[in-house]
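Summary of structural features
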Amino acid sequence: MSKEPDRLFAQPLAQVPDFAFNEDVVRVFPDMIKRSVPGYPTIVENLGVLAAQFAQPDSVLYDLGSSLGAVTQALRRHVRTDGCRVIAVDNSAAMVERCREYLNGQDSMFQELLPVEVIEGDILALEFQPASVVALNFTLQFIAPDQRTALLSRIRQSLLPGGALILSEKLRFNDAEEHALLTDLHVAFKRANGYSELEIAQKRSAIENVMKPDSLEEHRERLLAAGFSKVVPWFQCLNFASLIALP
Ligand SMILES: Nc1ncnc2c1ncn2[C@@H]1O[C@H](C[S@+](CC[C@H]([NH3+])C(=O)[O-])CC(=O)[O-])[C@@H](O)[C@H]1O
Ligand SMILES: O=C(O)C(=O)Cc1ccccc1
């Protein structure tokens, strides 16, 4: 993985453009996500462990909004179920190109990994195949809010008995005091990881129009409305959480 440090927002910008998953972001993405999302390495590794419990023979494991394929790599490290294959999907051409390179690297280092296909495309337009595991690892928050229920319903329809959706998201909180506390603590996390006040402020303004977090309650209600029977949070670190949703 690229070791290039994230300095994308280090210099003052006259106008901060909306955040996009372009070539500049791709170059620094592993560093950016690790220094910005508390618990990210723990979530990714354990997503593989969880997936191994839900994987069903001869089914698809989806990594939706796969970026550089960190989740796909974890799925391939942990899942040994017969006949499974991984489909990773992202609509950023720059991400997909680099993701394919990293997965070729994983293939050359390990034998007997699950087969993988990386698709450049919009997850809203995807025709889902029968799936046992669907990972939406920090992707739903970038989908237009009015499209989210329809996407989750389509995922629910594709899920086999015994399978699961694993959904990780930044959270907002309905209680103003809880929201302010966890937001401040997230800023402290970023500061502790070497981001300046300017970097933190410019990044916040870059993502505010494109990334719209929901509360845990909104997630639970929407998942139930989409046809899931049970929603179980399995991880939270500050304002970032991951949920298991069962069909
Ligand atoms: N409609 C869409 N269709 C396909 N891809 C999309 C769409 N909208 C956004 N994306 C893609 O979703 C990814 C979100 S990053 C996921 C991290 C990864 N899961 C990880 O575990 O490392 C989250 C973050 O950066 O906070 C980006 O690569 C987008 O191009
Ligand atoms: O940086 C942030 O404040 C975030 O909420 C997480 C994030 C991580 C990587 C890209 C966009 C948002």
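Everything below is about the structure printed above this text.
Let me begin by describing the structure that accompanies this report. (Residues numbered from 1 in each chain as written. Chains lettered and ligands numbered in written order. Predicted model: local features only at pLDDT ≥ 70, side-chain atom pairs only at ≥ 80, totals over all residues. Heavy atoms only, no water.)

Remarks on the site of ligand 1
What counts, and what does not: For this purpose, a residue is taken to be near a molecule or strand whenever a single non-hydrogen atom of the residue falls within 4 Å of it. Definition of a polar contact: a pair of N or O atoms within 3.5 Å, with one able to donate and the other able to accept a hydrogen when the atoms are protein atoms, and with sequence-neighbouring residues admitted only if both atoms are side-chain atoms. Note that accessible areas follow from Shrake-Rupley with a 1.4 Å probe, and for residues the cover is restricted to the protein chains shown. Cavity and pocket criteria rest on a 1 Å grid covering protein atoms alone: a 1.4 Å probe that fits but cannot get out defines a cavity, protein on both sides within 12 Å along at least 5 of 7 lines defines an open pocket, and an atom within 4 Å of a point defines a lining residue. Pocket or cavity membership: a molecule qualifies when more than half of its atoms sit within 2 Å of the grid points of that site. Classification used: nonpolar for Ala, Val, Leu, Ile, Met, Phe, Trp, Tyr, Cys and Pro, charged for Asp, Glu, Lys and Arg, polar for all others including Gly.
Close to ligand 1 lie 20 residues; Tyr40, Gly65, Ser67, Asp90 and Asn137 are nearest. Asn91 has a polar backbone atom sitting 3.2 Å from a nitrogen atom of ligand 1. A distance of 2.8 Å is found between an oxygen atom of ligand 1 and a side-chain nitrogen or oxygen belonging to Asn137. For ligand 1, whose free accessible area comes to 650 Å², the fraction covered by protein is 93%. The cavity where ligand 1 resides is the largest pocket. Residues of the shell around ligand 1, tallied by class, amount to ten nonpolar, eight polar and two charged.

Quick word on the site of ligand 2
Definition in use: Counting from the N terminus, the helices are DSSP H or I runs at least four residues long and the strands are E runs at least two residues long.
Around ligand 2, a shell composed of Phe19, Met32, Ser36, Val37, Phe142, Lys170, His186, Lys190, Lys203, Ile207, Met211 and Phe240 is seen. Note that an oxygen atom of ligand 2 is positioned 2.7 Å from one of the side-chain N or O atoms of Lys190. In this structure, Lys203 approaches ligand 2 through a side-chain N or O atom, which is 2.7 Å from an oxygen atom. For ligand 2, whose accessible area on its own is 320 Å², the fraction buried by protein is 95%. At a threshold of 2 Å from the grid points, most atoms of ligand 2 map onto the largest pocket. Elements with a minimum of two residues in the shell around ligand 2: helix 1 (23–36), helix 6 (176–192) and helix 7 (197–207). When the residues that make up the shell around ligand 2 are grouped by side-chain class, the tally is seven nonpolar, two polar and three charged.

Side note on empty space enclosed by the protein
We apply this condition: Grid points are joined across faces, edges and corners, and a volume is the space filled by probe spheres set on the points.
Taken as a whole and judged by the stated rule, the model has one cavity of 30 Å³ or more. Considering only enclosed or pocket space, the largest cavity measures out at about 60 Å³ in volume. Taken together, Asp6, Arg7, Leu8, Phe9, Lys190, Tyr195, Glu199, Ile200 and Lys203 make up the full set of residues lining the largest cavity. The element that contributes the greatest number of residues to the lining of the largest cavity is helix 7, accounting for three residues. Of the residues contributing to the lining of the largest cavity, the split by class is four nonpolar, no polar and five charged.

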